[in-house]
Amino acid sequence: MSAIVIVLIAAAGAVQVVRARRESEQTAGARSLGVAVAFAHAPGTAAALRSPDPTAVLQPRAQATRRDSGVDFVAVLSPTGIRYTDPAPELIGHPASGDWARALHGESFTEKFTGAPRDAIRAVVPVTDARGVVVGVVTAGVQITTVSEAVNRELPLLGGAVAAALALAVGGAAVVSRRLRRQTHGLGPAEVTRMYEHHDAVLHAVREGVLIVGPDRRLLLVNDEARRLLELPRGAEQGDVRELGLEAEFAGLLASCREATDEVHRVHDRLLAASCRPTGPHGGSVVTLRDTTELRAVTGRAEVARERLQLLYDASLLIGTTLDVTHTAEELTRVATPRFADAVTVDVPEWVLRGEEPGAQAPGEMRRAAVARAPEVAAVPPETVAFVSSETDPQVLLVPDLEVASGWRSRAPELARTLLRSGFRSLITASLRTGDAELGVVHFWRTGGRAPFEGDDRSAATELVARAALSIDNARRYTREHATAVALQRSLLPRDLPSQDAVQVAHRYLPARAGVGGDWFDVIPLAGERVALVVGDVVGHGLHAAATMGRLRTAIHNFAGLDMPPDELLSHLDELVDRIDRDETADSEATTVTGATVLYAIYDSVSGQCTMARAGHPPPALIFPDGTVTLPDVPAGPPLGLTQLPFESSEHHLPEGTRIVLYTDGLIRSRDRSLGTGLTLLRRALTGAGDRNVDRICEDACHTLLPAEQEDDIVLLVARTRRLPAAQVAHWDVPHEPSAVAPVRTAVSEKLAEWGLAETAFTTELILSELVTNAIRYGTPPVAVRLLRDRTLTCEVFDGSSTAPHLRYAATTDEGGRGLYLVAHLADRWGTRYTPEGKIIWTEQHVR
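Quick caveat, the model's predicted, so the values are computed rather than measured. (Residues numbered from 1 in each chain as written. Predicted model: local features only at pLDDT ≥ 70, side-chain atom pairs only at ≥ 80, totals over all residues. Heavy atoms only, no water.)

### Here we look at the overall build of the chain
Item 1. A tally of helices and strands in the chain yields 21 helices and 30 strands.
Item 2. Each of the 848 residues in the chain was classed as buried or not, and the buried ones make up 45%.
Item 3. Considering only contacts within the chain whose residues lie at least 6 apart along the sequence, 61% involve residues at least 24 apart.
Item 4. Taken as a whole, the chain presents about 42,400 Å² of accessible surface, with 55% of it coming from carbon and sulfur. (Helix = DSSP H or I, 4+ residues; strand = E, 2+ residues; numbered from the N terminus. Buried < 20%, exposed > 50% of the residue type's maximum accessible area, 1.4 Å probe, protein only. Contact = heavy atoms within 4.5 Å. Areas by Shrake-Rupley, 256 points an atom, 1.4 Å probe, with all protein chains shown as cover.)

Right under this line is the structure:
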């Protein structure tokens with residue numbers, strides 16, 4: 001009440017302040033209008049506005065009028081708003097702010113003006129001549145600050161009146177309030193009314209039991225709901241709570257007056273949740289009761305359903321994370337134990353583990369793939385429990401109680417006794433099936449210390465086994481494809497490196513964990529004590545990548561047999577890949593070869609020159625004998641099959657003992673490592689390895705650079721260069737005339753004798769005679785002969801023409817044409833290679 005009176009008095013005071021301000025503004029406006037009208041209609045004002053200098057005439061008058069009338073300003077303006085007079089002389093001649101349209105139409109008005117030079121209550125009056133034409137405007141006004149000062153002078157008196165009224169109201173309200181509290185014991189009418197309403201609601205309307213127990217353990221109050229839940233008779237109030245026929249534990253709670261929250265007690269046939277709170281320091285308590293009997297049953301069923309849904313959700317995430325049959329079976333047992341069963345076993349046939357197709361497979365003997373049991377389960381179920389199945393052999397069989405189901409004991413009594421002694425009491429057996437394929441069987445076991453399986457558990461088991469069966473079938477298929485790809489990959493990769501003396505080679509091939517890929521390497525001996533080093537990479541994994549790798553490797557061997565330079569060989573290989581892609585495009589299910597990269601290098605052990613070219617492949621590394629490492633500038637061509645651009649090669653002179661390091665990008669690049677970072681690590685791992693053997697270099701590089709999770713194949717090929725000693729090389733320039741054949745033949749015989757190969761002199765002379773004669777007869781100068789002695793004796797005849805020799809059979813009557821035929825029969829191998837200056841016809845004879 002006091003608050004209402006205070007608010008009313010404060011509101012009345014505020015109204016008085018507002019009224020005083022409004023009246024002050026009205027008074028200022030009336031005064032300003034009177035002054036402006038008087039000045040505008042004063043004799044001589046209009047004439048002064050027509051004079052040449054209105055300011056000289058009107059400024060003194062305006063200042064005198066302002067002082068005599070009590071307004072703050074009187075200003076005379078031209079029709080365009082230019083000041084002729086103003087209390088501030090510096091503003092004379094400047095335009096004034098405002099809307100003068102009404103004044104120019106002959107209207108006088110007052111307004112509350114806001115703007116420069118000051119906020120004011122002003123009046124605007126037009127000045128007209130004798131014809132009624134507006135020749136100027138007079139404004140007079142009082143500043144807002146002046147109006148506020150007038151109001152502020154009245155505030156002390158108004159404030160005193162308000163304060164007195166407040167004091168009188170508060171004092172009267174206090175006197176009345178004290179009298180009312182004494183009469184109602186501190187409760188007002190509303191509180192008293194609400195108290196009786198609440199009391200009635202607690203007794204009759206609240207759907208929760210309420211009891212009040214006094215300090216002497218007597219029941220002071222009990223509402224209708226509590227009387228119903230506890231089955232109390234009428235007149236139970238004032239009785240001792242221990243004598244009301246309640247269960248001892250619950251009666252002890254009521255008598256103890258201790259604090260409790262939602263304690264569940266069985267009273268008669270109900271489960272009651274009781275909460276108890278003390279009422280004060282002298283004892284006594286208030287107890288509330290809720291019937292949770294049905295809620296407990298519903299909650300239990302909901303909790304079981306939630307647990308099953310969580311089990312199936314976890315199964316969808318945790319089963320089938322890998323493409324391995326055994327691991328997938330183990331994931332199923334881990335998910336189901338112990339949440340769903342006390343023990344779980346998974347048995348599959350051998351052909352599933354091998355990844356074979358089910359069509360032609362006999363059921364065969366089952367093999368235990370996975371088993372898991374709870375810590376309290378000591379025994380492991382047997383591998384075969386087919387005796388549990390009924391006559392119809394359902395895919396999911398439920399046996400709620402093994403002791404009661406007597407039919408299976410008659411079929412396998414000894415095994416039945418073993419299971420029962422081990423504590424197993426309930427079983428669900430389910431087939432791992434996809435389509436018509438039986439992939440195995442899963443057994444879910446529960447012991448006697450747990451509720452037996454029921455109908456809803458069959459559905460959960462069915463869902464679990466269905467998820468596992470799909471994952472196991474996928475793993476089986478992958479196992480089959482992986483085994484096929486591994487077999488194909490092993491058959492396509494070089495098993496034993498060919499014999500040659502140009503380089504000493506070590507290599508490493510590490511297949512990706514995800515499956516066999518398309519990385520490969522090759523060491524191909526070439527004529528003239530040369531060797532070709534090849535490293536390639538087909539993007540992807542599996543059968544297609546392995547098959548593609550085999551096709552490319554075979555093509556490189558064929559092109560290398562033609563003794564092509566590296567850039568030309570890559571161009572031919574690129575054309576081959578492009579043709580394969582075009583042919584396979586017609587088949588919608590075919591996969592193209594696009595994405596293959598190759599690095600091809602030829603090392604000549606006689607000259608020490610190494611020629612390299614690459615198609616989209618990482619650059620090689622060179623370890624010089626002093627331990628320094630360089631990445632030679634080999635032009636980077638595009639991957640095979642993408643464009644028809646030519647490839648470029650580069651030549652590098654390598655000292656003897658230089659290590660040539662070729663690799664695929666799986667060694668230096670991974671998900672967490674860029675190509676640049678990998679090259680830096682490779683250079684760091686190879687630095688200082690000039691005195692290490694090639695096997696040690698492979699081990700160190702793999703140890704340093706192998707990614708934590710290998711996602712791609714890795715090929716590493718390290719070749720240590722050797723030089724053919726100069727004493728094992730002989731060279732002769734041959735004049736371009738038939739008579740030069742005999743001296744060359746003699747010189748060759750002498751060199752062979754010097755090398756201890758006199759027994760080969762006759763055959764070698766025949767070969768050289770034929771080749772040199774053909775070069776002189778059909779070729780162009782210069783002509784040269786070179787002998788190379790290593791594990792083979794190589795004879796090379798060079799001439800400046802590019803005419804290719806052809807082996808043919810001569811007719812009986814032909815006098816010539818048998819030369820190359822004899823060469824082919826006398827030599828172990830022969831061939832032709834082309835150089836920028838001409839061609840070389842070479843032969844090889846084994847001398848070891």
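Next comes the rest of the write-up.
### Things to note about the packing of aromatic side chains
Item 1. Within the structure shown, the criterion is met by three aromatic pairs.
Item 2. Centre to centre, the rings of F340 and F444 are 5.4 Å apart; their planes meet at 90°, and the pair counts as edge-to-face. Of this pair, F340 sits in the loop between helix 10 (325-336) and strand 10 (343-349) while F444 is found in strand 14 (residues 437-447), placing the two residues 104 residues apart along the sequence.
Item 3. Of the residues examined, F340 reaches a relative accessible area of 3% and is grouped as buried. (Phe/Tyr/Trp six-rings, centres within 6.5 Å; stacked < 30°, edge-to-face > 60°.)

### Some details on the pattern of salt bridges
Item 1. Summed over the entire model, instances satisfying the criterion amount to 32 salt bridges.
Item 2. Ionic pairing is found between D665 and R669, a salt bridge with its closest N-O pair at 3.0 Å.
Item 3. By relative accessible area, R669 is classed as partly exposed at 39%.
Item 4. The network of salt bridges with common partners includes R50, D129 and R131. (Salt bridge = Lys/Arg side-chain N within 4 Å of Asp/Glu carboxyl O.)

### Things to note about the sheet that holds strand 20 (residues 621-623)
Item 1. The five strands are arranged 15-25-24-20-21 in an open sheet whose pairing can be described as antiparallel. One side of each edge strand has no neighbouring strand; the edge strands of this open sheet are strand 15 (503-510) and strand 21 (629-630).
Item 2. With eight bridges connecting them, strand 15 and strand 25 (residues 714-721) associate as antiparallel partners. Directly across from H507, in strand 25, lies its bridge partner L717.
Item 3. Docked against the sheet, helix 18 (residues 694-705) engages strand 15, strand 20, strand 24 (659-663) and strand 25, running at close to 30° with respect to strand 15. (Pairing = 2+ DSSP bridges. Axes fitted to C-alpha atoms, helices over the stretch in contact; angles between N-to-C directions.)

### What to know about the sheet that holds strand 14
Item 1. The five strands lie next to each other as 11-10-14-13-12, forming an open sheet whose pairing is antiparallel. Taken across any chain shown, the strands that pair with only one partner, and hence form the sheet edges, are strand 11 (366-373) and strand 12 (396-399). Neighbouring strand axes in the sheet, compared pairwise and without regard to direction, differ in orientation by 15° on average.
Item 2. Where strand 10 and strand 14 come together, five bridges link them in antiparallel fashion. Bridged to V346 within strand 14 is V442.
Item 3. Helix-sheet contacts for helix 10 involve strand 10, strand 11 and strand 14, and the interaxial angle to strand 11 is about 35°.

### Quick look at helix 3 (residues 54-69)
Item 1. Helix length check: helix 3, at 16 residues, gives a terminal C-alpha distance of 22 Å against a target of 22 Å (1.5 Å per residue), a fit within 8%.
Item 2. Within the span of helix 3, buried status applies to P54, L58, Q59, A62 and Q63. Along the axis of helix 3, the buried residues cluster in a sector spanning 140°; they form a single face. Exposed residues on helix 3 whose side chains face more than 90 degrees from its buried face are A56, R67 and D68. (Expected span 1.5 Å × (residues − 1). Arc of directions from axis to C-beta.)

### Let's talk about the pairing of strand 27 (residues 783-789)
Item 1. Most of strand 27 is tucked away: six of the seven residues are buried.
Item 2. Alignment of strand 26 (residues 729-734) against strand 27, held across six bridges, turns out to be antiparallel. If you follow V729 over to strand 27, its bridge partner there is L788.
Item 3. The sheet contact formed by strand 27 and strand 28 (residues 792-799) spans six bridges and is antiparallel. For A784, the partnering residue across the bridge sits in strand 28 and is F798.

### Thoughts on unusual backbone geometry
Item 1. That bond from T337 to P338 is cis: its omega, 0°, falls within 30 degrees of zero.
Item 2. By secondary structure assignment, the location of P338 is in the loop between helix 10 and strand 10.
Item 3. With an omega dihedral of 0°, the bond running from P781 to P782 counts as a cis peptide bond.
Item 4. One can find P782 in the loop between helix 20 (761-778) and strand 27.

### Some thoughts on the packing of helix 17 (residues 675-686) against helix 18
Item 1. For the pair helix 17 and helix 18, the least separation of the axes is 10 Å and the interaxial angle reads 140°. When the axes of helix 17 and helix 18 are compared, the pair comes out oblique. Note on packing geometry: the crossing formed by helix 17 with helix 18 is right-handed. Residue-level contacts link G678, L681, L682, A685 and L686 of helix 17 to I697, A701, T704 and L705 of helix 18.
Item 2. Of the residues assigned to the contact of helix 17 with helix 18, the class counts are seven nonpolar, two polar and no charged. (Parallel < 35°, antiparallel > 145°, perpendicular 65-115°, else oblique. Left-handed = near helix turned anticlockwise from the far one by under 90°. Nonpolar A, V, L, I, M, F, W, Y, C, P; charged D, E, K, R; others polar.)

### Brief notes about the nonpolar core
Considering soluble globular proteins, one finds that nonpolar side chains tend to be buried as a cluster.
Item 1. With 37 residues, the main nonpolar core has F340, V346, I428, L432, V442, F444 and L464 as its most contacted residues.
Item 2. It is helix 14 (residues 455-492) that provides the largest number of residues to this core, a total of eight residues.
Item 3. The contact partners of I428, leaving out residues within four places of it in the chain, are F340, V396, L397, L398, V442, H443, F444, F453, D457, R458 and A461.
Item 4. Of all hydrophobic cores here, the second largest spans 30 residues; its members include A545, A560, M564 and L573. (Core = buried A, V, L, I, M, F, W, Y, C linked by side-chain atoms within 4.5 Å.)

### Brief notes about the confidence of the model for the chain
Detail in the predicted coordinates should be disregarded across regions flagged by low pLDDT.
Item 1. Confidence along the chain averages 80 in pLDDT terms, with 81% of residues attaining 70 or more.
Item 2. Every residue in residues 386-393 scores below 50 in pLDDT, and together they form 14 contacts with partners more than four places removed in sequence or on other chains.
Item 3. pLDDT under 50 marks residues 810-816. Its contacts with residues more than four places away, or in other chains, come to seven contacts. (pLDDT = per-residue confidence, 0-100.)

### Describing the side chain of D665
Item 1. With respect to the helices, strands and loops of the structure, D665 is situated in the loop between strand 24 and helix 17.
Item 2. Judged by its relative accessible area of 16%, D665 is buried.
Item 3. Residues contacting D665, with those up to four places away along its chain left out, are D537, P618 and D712.

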